[in-house]
Every structure is written in C-alpha cells, then in structure tokens.
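Working through the structure, step by step
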Amino acid sequence: MSVCVVQQPTGSLNVTTDSPQSCQGYLLLSPQEVAALQPMFPPLSLSDGALISGSILLVWGSAWLYRNIGNFLASSQGENT
C-alpha cells in the first residue's frame, strides 16, 4: 500500500495520513505497486521507432501500389471501378 510522506527541514521523512491523490510530499510505493505501473510495452529507442515506422509505411505503400495496379488492370479490361 502506498504511503504519503513529507520531508521535514531536518531532512527526515514524516508519514502523513493524506490519501495518494492529495499527497503534498512523496508517495512511497511497494515493489508490487511499482511493477503494476510499468508500461505494457518497453520503451523504444529512436532507431527501433524509426524501423517500426518505416515498416508500417512500406506495408501501406505496397498496399496502395497493388490497389492502383489492380484498378489500372481492371480499367484496361473495360470494367468499371
């Protein structure tokens, strides 16, 4: 369970009864609470993000190209699109 603490002028921490939403100091968490706050996906580096973005654009571009080729072939055969 999280605990709200306030730093005293002497540098020590004083436990308060404030709720986590109204804590004016520091909120101490248990290891289980910290683990629950971790993101589902690990943070990506810039190179990882660029690689994923490039892959998505490549797939999108390929689908766009195939659709246009299909439309061109269909229209050259006299079919309406």
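Here goes a summary of the coordinates provided.

Calculation rules
- Residues numbered from 1 in each chain as written.
- Predicted model: local features only at pLDDT ≥ 70, side-chain atom pairs only at ≥ 80, totals over all residues.
- Heavy atoms only, no water.
- Disulfide = S-S within 2.5 Å.
- Helix = DSSP H or I, 4+ residues; strand = E, 2+ residues; numbered from the N terminus.
- Pairing = 2+ DSSP bridges.
- Axes fitted to C-alpha atoms, helices over the stretch in contact; angles between N-to-C directions.

1. Focus on the state of the cysteines
Throughout the structure, instances matching the rule amount to 1 disulfide. Here Cys4 is linked by a disulfide to Cys23, with a sulfur-sulfur distance of 2.1 Å. Classification of the bridge connecting Cys4 and Cys23 rests on its S-S torsion, roughly 80°, and on that basis the disulfide is right-handed. Of this pair, Cys4 sits in strand S1 (residues 3-7) while Cys23 sits in the loop between strand S2 (13-15) and strand S3 (26-28), placing them 19 residues apart in sequence.

2. Quick look at the sheet that holds S1
The strand order across the open sheet built from 3 strands is S2-S1-S3, with neighbouring strands paired in antiparallel fashion. Each edge of the open sheet carries a strand with a single partner, namely S2 and S3. Taken over all neighbouring pairs, the strand axes of this sheet differ in orientation by 40° on average, direction set aside. Here S1 runs beside S3; their pairing, made up of 3 bridges, is antiparallel. The partner of Val3 across the bridge, within S3, is Leu28.

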